[in-house]
Amino acid sequence: MSIIKTTQALILGLLMTGAHESIAQGWPTSPAQRAQVFAVCAGRLSALADHQRYLDANAADRAETQRLAFDALLQAVMPDALDYGMPGAQALNWRMHAKLAQSSLLMRADFNSDDQVKARARAAAEAFLNECDGFVLS
């Protein structure tokens with residue numbers, strides 16, 4: 001399997017992991033689930049801000065501001081999440097996996113040579129970011 005196919009399979013696997021499931025299911029009830037939502041959204045917004053720095057500096061500033069809000073929410077729930085039994089490194093794991101997945105989608109949405117792939121990647125990237133928008137006031 002080529003490195004491109006391996007990477008694509010990895011990204012698809014990450015998109016289907018639990019890091020994305022809790023967000024789609026509605027407001028989380030446990031402290032660990034809240035930490036997961038905030039970590040995943042911080043990761044997605046970090047990827048968006050990084051990506052936009054090359055394309056639209058004003059949009060990157062907005063994404064960075066949103067990321068900071070999710071970072072603050074994550075820090076606020078971490079003590080309760082750890083007391084609940086969540087492993088300490090889990091939030092970073094969720095965040096990094098979400099950032100990697102979102103970054104891959106954004107790259108495909110803007111730079112893939114196949115218009116259908118670009119459209120699907122753009123729709124998926126937007127859907128994941130829209131999930132996060134429902135958790136904070138803009």
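So, here is what we can say about the structure in this document. Quantities reported herein were computed from a predicted structural model and do not represent experimental measurements. (Residues numbered from 1 in each chain as written. Predicted model: local features only at pLDDT ≥ 70, side-chain atom pairs only at ≥ 80, totals over all residues. Heavy atoms only, no water.)

### Things to note about the overall build of the protein
Regarding its fold elements, the protein presents six helices and zero strands. Mapped from its N terminus to its C terminus, the protein presents α and β elements in the order α-α-α-α-α-α. Across the 138 residues in the protein, those meeting the buried criterion constitute 42%. In the protein, the share of contacts with a sequence separation of at least 24, taken over all contacts with a separation of at least 6, comes to 65%. For the protein, the exposed surface amounts to about 7700 Å²; the carbon and sulfur share of it is 58%. (Helix = DSSP H or I, 4+ residues; strand = E, 2+ residues; numbered from the N terminus. Buried < 20%, exposed > 50% of the residue type's maximum accessible area, 1.4 Å probe, protein only. Contact = heavy atoms within 4.5 Å. Areas by Shrake-Rupley, 256 points an atom, 1.4 Å probe, with all protein chains shown as cover.)

### Details of helix α3 (residues 31–52)
Here α3 contains 22 residues, and its C-alpha end-to-end distance of 31 Å stays within 8% of the 32 Å for a straight helix at 1.5 Å per residue. Most of α3 sits inside the fold, with 19 of its 22 residues counted as buried. (Expected span 1.5 Å × (residues − 1).)

### Side note on the packing of aromatic side chains
Across all of its chains, the model carries one aromatic pair by this definition. Between phenylalanine 38 and phenylalanine 70 the ring centres are 6.2 Å apart and the planes differ by 45°, which places this aromatic pair in the tilted class. Of this pair, phenylalanine 38 sits in helix α3 while phenylalanine 70 sits in helix α4 (residues 57–84), and the two are 32 residues apart along the sequence. For the pair shown, phenylalanine 38 and phenylalanine 70 are each scored as buried. (Phe/Tyr/Trp six-rings, centres within 6.5 Å; stacked < 30°, edge-to-face > 60°.)

### Some remarks on the state of the cysteines
The tally for this structure, following the rule as stated, stands at one disulfide. One disulfide in the model links cysteine 41 with cysteine 132; its S-S distance is 2.1 Å. Torsion about the S-S bond of the cysteine 41 and cysteine 132 cystine: about -95°, corresponding to left-handed handedness. Remark: cysteine 132 occurs in helix α6 (residues 115–133) and cysteine 41 occurs in helix α3; sequence separation between them is 91 residues. The residues cysteine 41 and cysteine 132 share a single accessibility class, namely buried. (Disulfide = S-S within 2.5 Å.)

### Let's talk about α6
The terminal C-alpha atoms of α6 lie 27 Å apart, and with 19 residues this matches the ideal 27 Å at 1.5 Å per residue to within 8%. Where α6 is concerned, the buried positions are Val117, Ala121, Ala125, Phe128, Leu129 and Cys132. End-on, the buried residues of α6 take up no more than an arc of 95°, which puts them together on one face. For α6, the exposed residues lying more than 90 degrees away from the buried face are Asp115, Gln116, Arg120 and Asn130. The backbone nitrogen of glutamine 116 has a side-chain oxygen 2.8 Å away, supplied by the residue at the start of α6, namely aspartate 114. (Arc of directions from axis to C-beta. Polar contact = N/O pair within 3.5 Å; in protein donor to acceptor, adjacent residues only side chain to side chain.)

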